Each structure stands twice: as structure tokens, then as C-alpha cells.
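The primary structure of each chain is shown beneath.
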Amino acid sequence: FTAALPLAGPEPGLRWSRAAAAADRDRFAFAEAAGHLSRLRAAAAETGHRLSEPDLVDLLTTEADLRLRAGDASQARQLLELAWAQAEEAGDPHRIGAVALGLDRIGARFAMPRTDLVAALDRARRSLAGTGTAIEAEVTAALTRQLQHSIPADRPRAGPLAERAVAIARTLDDPAPLATCLLAHHDVLWTAGT
């Protein structure tokens, strides 16, 4: 389907590349899964088929996660930098949040200096503010953890953000974001001697 892009357009290639990547991810073949998405992006570029910005950001973010799981933090960071630029250009809060969470998964050690990571998470949190979505809760929780484990001057910001993240997550019918937010809240509450 990637070879058929000039005839069939990008939709079949997108659908089947994602399916192949998901199948390989499920069997822990992360590098192979990332390769499916990389080949699709390359084929689209070679044939002049422009992928939509949402599709491109989703592909880049997913491939970055797979590269990270395969142990290639450097490649993951590069893909997320491309995704960030595309998401910012599109002004898509959901995708800005997804990229910010990808950067957080890589961590300050490999993604960027902690101050830049905090700024990216804060930018994503502000763009998602009021959406009441799982991604808003998870971005807020990620920012909470980064602030809490950062320099002491930033820590007072973490408490209210943790409470906000938990409040959002409690409105959702999904235990995964709630667990993420409760863990971030725990990080804020737990101090030596408590």
C-alpha cells in the first residue's frame, strides 16, 4: 500500500501501516513497528502525497514512542521535535498534548533540558485547559511530576496542578488516567518523614 500511494492515495497506506505497526507492537517488535510508519512517511514524501497534519503528527508521535521502546531515545526525540512543530503550526491542543507526553516519556535526560520540558508541558496544559479530557489530566499530571522533582522554587506550583489533574481524571470513566494522576498527586504529598 505504501508503494501504491500514487494510485490509491494515502488512506489505504495509513490504515494498513498503522495495523501492521500495532501488530508488531503487540508482539514487542518495536523497531519493526516503527519501520512501518517510517516507510509510509518516506513513501508519501517521495511521491509528493502530503499527509494531513493530524495524520502526520499522529504518525510521528506513535513512531517516536515505538523508537523509544526499542531503545532509540535520540531518534524518538528527533521525531517528537518534528511532531511538535507540526502540532504547533496546526494549533491542535490534543496533538500538542500528545507530543508533550511523548517528550515527558523520554524524560529530561534525553529529550531536552528540564526547563524546556516543563515549558513544553505547560504550553500543552494551557492549550488543553478546560477540555476535561484524559489528555488534559495526563499532561497536567506530567507537569506536576516534573515540577515536583525539579528545583525547589518550582515545587509550590505542583500541588494545585496535582489536585486539578485528579479532579479531571475523576470525571472520566477510565482508570488509566486516574492512576497516572493519583501517582502524580502522591509524588506531591510524599516527602521525607511522611
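Presented here is a report on the structure given in the accompanying data block.

## What to know about the overall build of the protein
Regarding its fold elements, the protein presents ten helices and zero strands. In sequence order, the protein lays out its α and β elements as α-α-α-α-α-α-α-α-α-α. Rg of the C-alpha trace for the protein: 18 Å, near the compact-globule value of 16 Å for 194 residues, within the 12% margin. Buried positions account for 45% of the 194 residues belonging to the protein.

## A short note on the pattern of salt bridges
Tallied over the full model, the rule gives 17 salt bridges. When the shortest N-O distance is used, the salt bridge between arginine 69 and aspartate 65 registers 2.9 Å. Separated by four residues within a single helix, arginine 69 and aspartate 65 lie in helix α4 (residues 53-69), roughly one turn from each other. On the basis of relative accessible area, arginine 69 is assigned to the partly exposed category, the value being 48%. By relative accessible area, aspartate 65 is classed as buried at 17%. Three or more residues are tied together by salt bridges with common partners; here these are Asp122, Arg125, Arg126 and Arg157.

## Things to note about the packing of aromatic side chains
Taken as a whole and judged by the stated rule, the model has two aromatic pairs. Relative to tryptophan 16, the ring of phenylalanine 1 lies with its centre 6.0 Å away and its plane at 10 degrees, an arrangement referred to as stacked. Highlighted residues: phenylalanine 1 in the segment before α1 (5-8) and tryptophan 16 in helix α2 (residues 10-26), separated in sequence by 15 residues. When the centroid spacing of 6.0 Å and the interplanar angle of 80 degrees are considered together, the rings of phenylalanine 28 and phenylalanine 30 count as edge-to-face. We classify phenylalanine 28 as exposed; its relative accessible area is 66%.

## What about the side chain of arginine 67?
Counting through the fold element by element, arginine 67 comes out in helix α4. Beyond its immediate chain neighbours, meaning those up to four positions away, arginine 67 contacts Ala31, Ala34, Gly35, Ser38, Asp72, Gln75, Ala76 and Leu79.

## Some remarks on the nonpolar core
Counting residues in each nonpolar core, the largest one holds 45 residues, and the members touching the most others are Trp84, Val99 and Leu103. At the level of secondary structure, the elements contributing two or more residues to this core comprise α2, α3 (30-47), α4, α5 (73-90), α6 (93-106), α7 (114-128), α8 (134-148) and α9 (158-170). Discounting residues that sit within four places of it in the chain, tryptophan 84 has contacts with Ile96, Val99, Ala100, Leu103, Ala120 and Arg123.

## Description of the packing of α8 against helix α10 (residues 175-189)
The angle between the axes and the distance between the axes are what describe a pair of packed helices. At their nearest, the axes of α8 and α10 sit 9 Å apart, and the two run at 20 degrees to each other. Relative to α10, the element α8 lies roughly parallel. Between α8 and α10 lies a crossing of left-handed hand. Here Ala134, Ala137, Glu138, Ala141, Thr144, Arg145 and Gln148 of α8 come into contact with α10, specifically with Pro177, Thr180, Cys181, Ala184, Asp187 and Val188. Tallied by class, residues from the contact of α8 with α10 come to seven nonpolar, three polar and three charged.

## A closer look at α8
Given 3.6 residues per turn, any residue in an α-helix points the same way as the ones three and four places further on. Its 15 residues place the ends of α8 21 Å apart at the C-alpha level, agreeing with the 21 Å of an ideal helix rising 1.5 Å per residue. Residues of α8 that are buried include every one of Ile135, Glu136, Ala137, Val139, Thr140, Ala141, Ala142, Leu143, Thr144, Gln146, Leu147 and Gln148, and no others.

Rules behind the numbers
- Residues numbered from 1 in each chain as written.
- Predicted model: local features only at pLDDT ≥ 70, side-chain atom pairs only at ≥ 80, totals over all residues.
- Heavy atoms only, no water.
- Helix = DSSP H or I, 4+ residues; strand = E, 2+ residues; numbered from the N terminus.
- Rg over C-alpha atoms; globule rule 2.2 N^0.38 Å.
- Buried < 20%, exposed > 50% of the residue type's maximum accessible area, 1.4 Å probe, protein only.
- Salt bridge = Lys/Arg side-chain N within 4 Å of Asp/Glu carboxyl O.
- Phe/Tyr/Trp six-rings, centres within 6.5 Å; stacked < 30°, edge-to-face > 60°.
- Contact = heavy atoms within 4.5 Å.
- Core = buried A, V, L, I, M, F, W, Y, C linked by side-chain atoms within 4.5 Å.
- Axes fitted to C-alpha atoms, helices over the stretch in contact; angles between N-to-C directions.
- Parallel < 35°, antiparallel > 145°, perpendicular 65-115°, else oblique.
- Left-handed = near helix turned anticlockwise from the far one by under 90°.
- Nonpolar A, V, L, I, M, F, W, Y, C, P; charged D, E, K, R; others polar.
- Expected span 1.5 Å × (residues − 1).

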